[in-house]
Amino acid sequence: LDARVKLVGLLVLLVAAGLVHRVPTLLAAYAVTLALAAASGISVTYFVRRVWLFVPIFTGVVVLPATLDAITPGDVVLDLGPAGVTRQGLFSAALVTMRVASSISLVLLVTLTTPWNRLLAALRALIVPRLFVLVIGMAYRYLFVLLGAVEDMYVARRSRTLGRERHHRAGRAYVAATAGALFGKAHALSEEVHLAMLSRGFRGDARSLDEFRVTTIDLVAAAICTAAAGVLLGADRVVP
């Protein structure tokens with residue numbers, strides 16, 4: 001499929017998921033994303049683990065306090081002494097959690113099934129500011145380079161250390177020195193990369209060798225995404 005069609009379909013489905021107000025509808029949408037992941041050859045276990053690695057953190061920090069009667073008044077279903085958990089609060093927590101899970105699943109499905117360079121080219125084709133696209137592309141690419149530099153610095157220190165360090169002050173000093181050295185390396189690397197890009201004809205806009213062509217399959221996929229969004233919103237109204 002054309003990456004632009006995927007991004008437009010993703011945006012439509014994200015808006016539809018944000019407008020849904022019933023948990024069963026979101027559960028059905030999440031089940032469909034799992035089926036699409038399995039059909040795309042992605043391990044369902046890996047897919048679920050990647051999604052729910054972030055959802056519990058968001059739920060614990062933001063959503064769980066909203067279940068208390070001090071924040072969401074309503075029918076108390078669990079008395080905790082000075083506070084209580086309300087039925088309305090649990091419904092709100094479940095609704096927000098499933099919205100986040102469904103949205104993350106859709107984004108993850110698109111990113112795992114589309115090459116990174118085609119995603120960036122599609123963003124640029126959809127009139128996303130070029131500075132934003134360039135920053136994302138460079139940050140993603142050179143993040144692994146900087147992580148490799150940090151690993152090399154750590155291995156070098158371990159190879160020159162006899163025994164175990166007993167003083168935490170030395171460890172903190174090493175972390176501070178490493179951060180400073182890494183900042184210097186990152187700055188030098190950015191200068192070298194910029195000069196290399198200029199020497200190869202870079203004039204402020206990244207060009208892609210991939211040529212976008214909208215085919216009949218892309219049009220069918222766009223129609224399916226639009227219909228799925230409509231079904232999602234329609235089912236949200238009829239589900240009791």
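Procedures and definitions
- Residues numbered from 1 in each chain as written.
- Predicted model: local features only at pLDDT ≥ 70, side-chain atom pairs only at ≥ 80, totals over all residues.
- Heavy atoms only, no water.
- Helix = DSSP H or I, 4+ residues; strand = E, 2+ residues; numbered from the N terminus.
- Rg over C-alpha atoms; globule rule 2.2 N^0.38 Å.
- Pairing = 2+ DSSP bridges.
- Expected span 1.5 Å × (residues − 1).
- Buried < 20%, exposed > 50% of the residue type's maximum accessible area, 1.4 Å probe, protein only.
- Core = buried A, V, L, I, M, F, W, Y, C linked by side-chain atoms within 4.5 Å.
- Phe/Tyr/Trp six-rings, centres within 6.5 Å; stacked < 30°, edge-to-face > 60°.
- pLDDT = per-residue confidence, 0-100.
- Contact = heavy atoms within 4.5 Å.
- Axes fitted to C-alpha atoms, helices over the stretch in contact; angles between N-to-C directions.
- Parallel < 35°, antiparallel > 145°, perpendicular 65-115°, else oblique.
- Left-handed = near helix turned anticlockwise from the far one by under 90°.
- Nonpolar A, V, L, I, M, F, W, Y, C, P; charged D, E, K, R; others polar.

Undergrad: I keep staring at the overall build of the chain and nothing clicks. Help me out?
TA: A count of helical and extended segments in the chain gives nine helices and two strands. From first element to last, N terminus to C terminus, the chain shows the α and β order α-α-α-α-β-β-α-α-α-α-α. In terms of C-alpha radius of gyration, the chain reaches 24 Å, well past the compact-globule figure of 18 Å for 240 residues. The dimensions of the chain, computed from C-alpha atoms along their principal axes, are 65 × 60 × 30 Å.

Undergrad: It is not clear to me how the pairing of strand β1 (residues 76-79) should be interpreted in this structure. Could you clarify?
TA: Sheet faces and side chains relate simply in a regular strand, where the side chains alternate between the two faces. Sheet topology note: the β1/strand β2 (residues 84-86) ladder contains three bridges and is antiparallel. By the bridge assignment, Val76 is partnered in β2 with Thr86. Hairpin geometry of β1 and β2 is characterised by an intervening segment of four residues between the two adjacent antiparallel strands and by a positive phi of about 90° at Gly81.

Undergrad: What's the story with helix α5 (residues 87-112) in this structure? I'm lost.
TA: Counting along an α-helix, one turn takes 3.6 residues, and residues three or four places apart therefore face a common direction. Here α5 is 26 residues long and its end C-alpha atoms lie 37 Å apart, about the 38 Å a rise of 1.5 Å per residue gives. What α5 keeps buried is the set Gly89, Ala93, Leu95, Thr97, Met98, Ala101, Ser102, Ser105, Leu106, Leu108, Leu109 and Val110.

Undergrad: Sorry, what's going on with the nonpolar core here?
TA: Within soluble globular proteins, side chains that are nonpolar tend to cluster in buried spots. Counting 18 residues, the largest nonpolar core has Leu7, Leu26, Met98, Val110 and Leu232 as the members making the most contacts within it. Mapped by element, the contributors of at least two residues to this core are α1 (3-19), α2 (23-39), α5, α6 (116-125) and α9 (216-238). With five residues, α1 is the single largest residue contributor to this core.

Undergrad: So what exactly am I meant to see when it comes to the packing of aromatic side chains here?
TA: Geometrically, a pair of aromatic rings is defined through the distance of the ring centres and the angle of the planes. According to the stated counting rule, one finds one aromatic pair in the structure shown. Both rings, one in Tyr30 and one in Trp52, keep their centres 6.1 Å apart while their planes meet at 85°; by these two values the pair is edge-to-face. Placement of the pair is Tyr30 in helix α2 and Trp52 in helix α3 (residues 44-52), with a sequence separation of 22 residues. With a relative accessible area of 29%, Trp52 lands in the partly exposed category.

Undergrad: Looking at this structure, I do not really get the confidence of the model for the chain. What am I missing?
TA: Low pLDDT means the predicted atomic positions in that stretch should not be read closely. Within the chain, residue pLDDT values average 81, and 90% of them lie at 70 or more. Across the chain, element-level confidence peaks in α2 with a mean pLDDT of 89 and bottoms out in helix α4 (residues 55-63) with 74.

Undergrad: I would appreciate a short explanation of the side chain of Thr86 in the present structure.
TA: Mapped onto the elements, Thr86 comes out in strand β2. Each residue touching Thr86, except ones within four places of it in the same chain, is listed here: Thr67, Asp69, Thr72, Pro73, Gly74, Asp75, Val76 and Val77.

Undergrad: Would you mind going over the packing of α2 against α5 with me for this structure?
TA: The description of two packed helices rests on the angle between their axes and on the distance between the axes. The interhelical angle for the contact between α2 and α5, taken along N-to-C directions, is 25°, at an axis separation of 9 Å. Comparing the axis directions of α2 and α5 gives the class roughly parallel. Of the two possible hands of crossing, α2 and α5 adopt the one that is left-handed. Residues Val23, Leu26, Leu27, Tyr30, Thr33, Leu36 and Ala37 of α2 form the contact with α5, whose participating residues are Phe91, Ala94, Leu95, Met98, Arg99, Ala101, Ser102, Ser105, Leu106 and Leu109.

Undergrad: Can you walk me through the packing of α3 against α5 in this structure?
TA: Where α3 meets α5, the closest approach of the two axes is 9 Å, and the angle between their N-to-C directions is 125°. For the element pair α3 / α5, the angle class is oblique. Taken as a pair, α3 and α5 cross one another with a handedness that is right-handed. Together, Tyr46, Phe47, Arg50, Val51 and Trp52 of α3 and Thr97, Met98, Ala101, Ile104, Ser105, Leu108, Leu109 and Leu112 of α5 make up the contact between the two elements. Looking at the contact of α3 with α5, its residues break down into ten nonpolar, two polar and one charged.

Undergrad: How should the environment of Leu53 be read in this particular structure?
TA: Within the secondary structure, Leu53 sits in the loop between α3 and α4. Given the relative accessible area of 53%, Leu53 is considered exposed. The sequence separation of Leu53 and Gly230 amounts to 177 residues, and the corresponding C-alpha distance is 29 Å.

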